[in-house]
Amino acid sequence: MIRINENYAKLNASYLFADIARRVGAYASAHPDKALIRLGIGDVTEPLPAACVEALHAAADEMSNRATFKGYGPEQGYAFLRELISRHDYADRGCRIEPDEIFISDGAKSDTGNIQEIFAADIRLAIPDPVYPVYVDTNVMAGRTGPAADGRFEGILYLESTASNGYVPGVPDAPADLVYLCFPNNPTGAVATKAQLAEWVAYAKRNRAVILFDSAYEAYIRDPAVAHSIYEVEGARDVAIEFRSFSKTAGFTGTRCAYTVVPKTLMAWDSAGRPQALHSLWNRRQTTKTNGVSYPVQRAAAATYTEAGMSQTRGLTDFYLGNARLIRAAMARLGLACVGGENAPYIWVNVGRDSWEFFDLLLEKAQVVCTPGAGFGRCGEGHVRISAFNSRENVETALGRIGAALR
Ligand code: MLT
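The structure displayed is predicted, hence computed values, not measured ones. (Residues numbered from 1 in each chain as written. Predicted model: local features only at pLDDT ≥ 70, side-chain atom pairs only at ≥ 80, totals over all residues. Heavy atoms only, no water.)

Novice: Would you take a moment to explain the packing of helix α3 (residues 79–90) against helix α9 (residues 295–302) for this structure?
Specialist: Two quantities define a packed helix pair, namely the angle between the axes and the distance from one axis to the other. Contact geometry for α3 and α9: axes closest at 9 Å, N-to-C directions at 25°. Between α3 and α9, the angle falls in the class roughly parallel. Handedness of the α3/α9 crossing: left-handed. Each of F80, L81 and L84 in α3 lies in contact with α9, whose residues at this interface are Y295, Q298, R299, A301 and A302. Tallied by class, residues from the contact of α3 with α9 come to six nonpolar, one polar and one charged. (Axes fitted to C-alpha atoms, helices over the stretch in contact; angles between N-to-C directions. Helix = DSSP H or I, 4+ residues; strand = E, 2+ residues; numbered from the N terminus. Parallel < 35°, antiparallel > 145°, perpendicular 65-115°, else oblique. Left-handed = near helix turned anticlockwise from the far one by under 90°. Contact = heavy atoms within 4.5 Å. Nonpolar A, V, L, I, M, F, W, Y, C, P; charged D, E, K, R; others polar.)

In structure tokens, the structure reads:
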């Protein structure tokens, strides 16, 4: 008799964003006359930058010609893209990341979900709360936790991010082996200073731990004092893996392209206490399980590093940050305290009541979709996340409706 992986039974019945989509779908079919505005899942709405579209067209032409046609590409990604990333995203910021330490993939979601496969089953996990649910759920699926009680899984050291620590958890007294960090943060929009990241790097060194640093929202940083990469911290090459994405930077949520940096100097240990390079393990995993990202999409991603591409992607992130400013101002007018939205596309609003109840209120009274904070963890209760990803017109309409609904 074939048996299921019963770790799946420990998870909530569904993935947070799938759950929200189901509730919103049910509301929409019951009220076909009501126009919904979605400020829930962080999905971009503005078209791809023109430089990327031109590159996609040119690559499609190459694929139509026998002389320039491409079959399987390198599983790790094409050298042209890895070199651009190494130069612009790292060397230009004073970080030494070689092109062959960069792995191109279809998304930071896949990579942050899959990376746990290269670590032992019995490692100690430290995961923020609130948090992007993928980090927790993939470790639950892999059997690294016990069952959940009161919204928390046995076996995870939760790093609480609340107003009292400015939504940036300090290093715990207890040791952990694998630490997930995300800055600019999803869902709170908080950013960490270089000094705060340096404390985490020192913690990882002390504990021979690895930090998984998700910086998918790096392109939204406007404060010049905030680090864009964990590798800006001295010594981070020896303790951290970094995840980046073109999704929120250049509108690639549907196009799919991201990358993960695994420095060759980063080690973990086998059961005999011998150091092993994680780069080799991730390379082995990727070459076995994926053929990478399509050639036209990698050409489109490369176009974000042209002069036109850089200015167009900056225009996109500026646009969404403009939405974020409007959302913050509207929340302030309503007397709701909020953080985020200054160096991130998410605004974390303290609604002072049950977050699913507030989600339902906005859906039913304003036809606006947000994300209930409780879905990101116990510390998210009492909050909702509002995403700045939408057209200006929709954001303005949504804010008008929210104002009317809460008056
Ligand atoms: C979110 O809304 O948190 C993001 O869109 C999720 C993702 O990027 O996968």
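So much for the structure itself; the text now carries on.
Novice: Explain the side chain of T260 here, please?
Specialist: For T260, the position within the fold is in strand β10 (residues 258–261). We classify T260 as buried; its relative accessible area is 0%. A distance of 2.6 Å separates the side chain of T260 from the side chain of D111, its partner in a polar contact. Not counting residues within four places of it along the chain, the set of residues in contact with T260 comprises E101, I102, F103, D111, I241, E242, F243 and W282. (Buried < 20%, exposed > 50% of the residue type's maximum accessible area, 1.4 Å probe, protein only. Polar contact = N/O pair within 3.5 Å; in protein donor to acceptor, adjacent residues only side chain to side chain.)

Novice: Hey, could you run me through the side chain of S229 in this one?
Specialist: Relative to the elements of secondary structure, S229 occurs in the loop between β8 (210–214) and β9 (240–245). Among the residues examined, S229 registers a relative accessible area of 0% and is labelled buried.

Novice: Any chance you could explain the site of the ligand here in plain terms?
Specialist: Near the ligand, the surroundings consist of F17, I41, G42, Y132, N186, Y217, K248, Y346 and R385. Interatomic distance of 2.8 Å between a side-chain N/O atom of N186 and an oxygen atom of the ligand. A distance of 2.7 Å separates an oxygen atom of the ligand from a polar atom in the side chain of R385. Protein chains shield 85% of the accessible area of the ligand, which is 270 Å² for the free molecule. Taken together, the residues of the shell around the ligand sort by class into five nonpolar, two polar and two charged. Counting contributing residues, the shell around the ligand receives three or more from each of domain 1 (6–47 + 309–406) and domain 2 (53–307). (Near = heavy atom within 4 Å. Areas by Shrake-Rupley, 256 points an atom, 1.4 Å probe, with all protein chains shown as cover. Domains from an automatic or database assignment.)

Novice: How should the pattern of salt bridges be read in this particular structure?
Specialist: As a working rule, side chains carrying opposite charge can pair if their charged atoms are close by. Taken as a whole and judged by the stated rule, the model has 20 salt bridges. With a closest N to O distance of 3.0 Å, R124 and D177 form a salt bridge. Placement of the pair is R124 in the loop between α4 (108–114) and β3 (125–129) and D177 in the loop between β6 (156–160) and β7 (178–182), with a sequence separation of 53 residues. Here D270 ties to R274 by a salt bridge, and the two come within 2.9 Å at their closest N and O atoms. Accessibility expressed as a relative area gives 21% for D270, which makes it partly exposed. Beyond isolated ion pairs, a larger network of salt bridges with shared partners links D89, E218, E242 and R244. (Salt bridge = Lys/Arg side-chain N within 4 Å of Asp/Glu carboxyl O.)

Novice: Teacher, can you tell me more about the sheet that holds β6 here?
Specialist: Two pairing modes exist for strands in a sheet, parallel and antiparallel, and in both the strands are linked by backbone hydrogen bonds. Taking strand neighbours across the sheet as the criterion, the seven strands line up as β2-β10-β9-β8-β7-β3-β6 in an open arrangement whose pairing is mixed. Since the sheet does not close on itself, it has two edges, and those belong to β2 (102–105) and β6, each with one partner. On average, adjacent strands in this sheet sit at an angle of 20° to one another, irrespective of strand direction. Pairing of β2 with β10, which is carried by four bridges, proceeds in the antiparallel orientation. Counted as the bridge partner of I102 is V261 from β10. Together, β2, β9 and β10 form the strand contacts of α3, whose direction differs from that of β2 by roughly 115°. (Pairing = 2+ DSSP bridges.)

Novice: Is there a simple way to think about the sheet that holds strand β13 (residues 338–340) in this case?
Specialist: The strand order across the open sheet built from four strands is β13-β14-β17-β16, with neighbouring strands paired in antiparallel fashion. Across the chains shown, the open sheet's two edge strands, defined by having one partner strand only, are β13 and β16 (371–372). The pairing of strand β14 (residues 346–350) with strand β17 (residues 383–387) spans five bridges and is classified as antiparallel. The residue of β17 that forms the bridge with V349 is V384.

Novice: Help me understand the packing of aromatic side chains in this model?
Specialist: Two descriptors summarise a pair of aromatic rings, namely the distance from one centre to the other and the angle between the planes of the rings. Enumeration over the complete set of coordinates arrives at 18 aromatic pairs. On the basis of an interplanar angle of 25° and a centroid distance of 5.0 Å, the ring pair of Y135 and Y180 is categorised as stacked. Taken together, the residues Y135 in helix α5 (residues 133–141) and Y180 in strand β7 connect sequence positions 45 residues apart. The class of Y135 is buried, set by a relative accessible area of 1%. When the centroid spacing of 5.3 Å and the interplanar angle of 75° are considered together, the rings of W200 and Y203 count as edge-to-face. (Phe/Tyr/Trp six-rings, centres within 6.5 Å; stacked < 30°, edge-to-face > 60°.)

Everything listed here is a matter of geometry and, on its own, says nothing about what the molecule does.
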